[in-house]
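In case you want the letters, here they are:
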Amino acid sequence: MTGTEELVRALAERVTALEDKLAILELMTAYGPAIDSGSADAVARLWTEDGVYDVDTGVMRGHAAITAMVQSQAHQGWIGGGCAHMLEPGHVRVDGDTAVATCKSQLIIHDDDGFRVHRITANRWELAKIDGEWKVTRRVNRLLDGREEARTLLAAGVRA
């Protein structure tokens, strides 16, 4: 292989890695607007058909369960009162057609006193690239309220 061919190959690999990370970050940041607008199908489509959303309050498996959560009376109450799901940029590690992203998120709600942070969670997103598109296979959220499991989740992401 010539020097030029090697350079082009190396640059192509770097561009692919950057495109993958950007696609994953865009997927993650699409969650907030979709969930806060009540766009249940858009939220569910972020996951694979059999994807898992594991929140400290329960586990949802598959599109139907994720859609039902968005359409639930509880979630619709958050939307009706004013809420925002805010995610920080994730720490993304890509390994071929799989990836792990780690971040923190906040749920901000509106009440009679204005806006307040209702909860802050550690997040681990496990993803797979399927037919050229990144999808969530499993997302785990744990409250950052002093529990060891939330710190362990964050630490595992930076070691991944």
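Residues numbered from 1 in each chain as written. Predicted model: local features only at pLDDT ≥ 70, side-chain atom pairs only at ≥ 80, totals over all residues. Heavy atoms only, no water.

An unreviewed UniProt entry lists the chain under the name SnoaL-like domain-containing protein, with Rhodococcus opacus given as the organism.

A. Main features of a nonpolar patch on the surface. On the surface, Val 117, Ile 120 and Leu 144 cluster together into a nonpolar patch covering about 210 Å² of accessible area. Among the secondary structure elements, Ile 120 is positioned in strand S6 (residues 114-130). With a relative accessible area of 36%, Ile 120 lands in the partly exposed category. (Patch = residues over 30% accessible without salt bridge, like charges linked within 9 Å, V, L, I, M, F, W, Y side chains within 5 Å. Areas by Shrake-Rupley, 256 points an atom, 1.4 Å probe, with all protein chains shown as cover. Salt bridge = Lys/Arg side-chain N within 4 Å of Asp/Glu carboxyl O. Helix = DSSP H or I, 4+ residues; strand = E, 2+ residues; numbered from the N terminus. Buried < 20%, exposed > 50% of the residue type's maximum accessible area, 1.4 Å probe, protein only.)

B. Spotlight on the packing of helix H3 (residues 62-71) against helix H4 (residues 73-81). Axis separation between H3 and H4 bottoms out at 5 Å; the angle between their running directions is 45°. Of the possible angle classes, the one that applies to H3 and H4 is oblique. Note on element contacts: H4 touches H3 through Gln 73, His 75 and Gln 76, opposite Met 69, Val 70 and Gln 71. Considered class by class, the residues forming the contact of H3 with H4 number two nonpolar, four polar and no charged. (Axes fitted to C-alpha atoms, helices over the stretch in contact; angles between N-to-C directions. Parallel < 35°, antiparallel > 145°, perpendicular 65-115°, else oblique. Contact = heavy atoms within 4.5 Å. Nonpolar A, V, L, I, M, F, W, Y, C, P; charged D, E, K, R; others polar.)

C. Quick look at H3. Burial in H3 covers these residues: Gly 62, His 63, Ile 66, Thr 67, Met 69 and Val 70. Close packing links the buried residues of H3 with helix H1 (3-37), helix H2 (40-44), strand S1 (47-55), strand S2 (58-61) and H4.

D. Summary view of the pairing of strand S7 (residues 133-143). Within S7, eight of the eleven residues are buried, which leaves the element mostly enclosed by the surrounding structure. Pairing of S1 with S7 involves four bridges; the strand directions are parallel. Each bridged residue has a counterpart across the sheet, and for Trp 47 the counterpart in S7 is Val 136. The pairing of S6 with S7 spans ten bridges and is classified as antiparallel. Bridge pairing in S7 places Ile 130 opposite Glu 133. Counting the residues that bridge the hairpin from S6 to S7 gives two residues, and of these Asp 131 lies at a positive phi of roughly 50°. (Pairing = 2+ DSSP bridges.)

E. The arrangement of the UniProt feature "domain: SnoaL-like" (unreviewed entry) in the chain in detail. On the UniProt side, "domain: SnoaL-like" (unreviewed entry) is annotated at positions that read residues 17-139 here. Taken end to end, residues 17-139 is 37% helix and 50% strand, and its two terminal C-alpha atoms sit 22 Å from one another. (UniProt positions renumbered as here; feature names shortened; annotations may be inferred.)

F. Quick peek at the pattern of salt bridges. All chains considered together, the criterion is met by 14 salt bridges. Between Arg 9 and Glu 13 there is a salt bridge; the shortest N-O distance is 2.3 Å. Pair noted here: Arg 9 and Glu 13 are both in helix H1, with a separation of four residues, about one helical turn. Residue class for Arg 9 comes out partly exposed when judged on its relative accessible area of 33%. With a relative accessible area of 46%, Glu 13 lands in the partly exposed category. Across the pair Asp 54 and Arg 142 runs a salt bridge whose closest N-O atoms are separated by 3.0 Å. Placement of the pair is Asp 54 in strand S1 and Arg 142 in strand S7, with a sequence separation of 88 residues. Of the two residues, Asp 54 and Arg 142, both sit in the buried class. Among the charged side chains, a network of salt bridges with common partners joins Asp 54, Arg 138, Arg 142, Asp 145, Arg 147 and Glu 149.

G. How the structure looks around the packing of aromatic side chains. Going through the model one piece at a time under the given rule, you end up with five aromatic pairs. A ring pair is formed by Tyr 31 and Tyr 53, whose centres lie 6.1 Å apart and whose planes are at 90°; its orientation type is edge-to-face. With Tyr 31 in helix H1 and Tyr 53 in strand S1, this residue pair connects regions lying 22 residues apart in the sequence. Like Tyr 31, the residue Tyr 53 is buried in the burial classification. Using a relative accessible area of 5% as the deciding quantity, one classes Tyr 53 as buried. An aromatic cluster is built from Tyr 31, Trp 47, Tyr 53 and Trp 125, whose rings are joined through pairwise contacts. A cation sits over an aromatic face here: Arg 139 above Tyr 31, 4.4 Å from the ring centre. (Phe/Tyr/Trp six-rings, centres within 6.5 Å; stacked < 30°, edge-to-face > 60°. Lys NZ or Arg CZ within 6 Å of the ring centre and 35° of its normal.)

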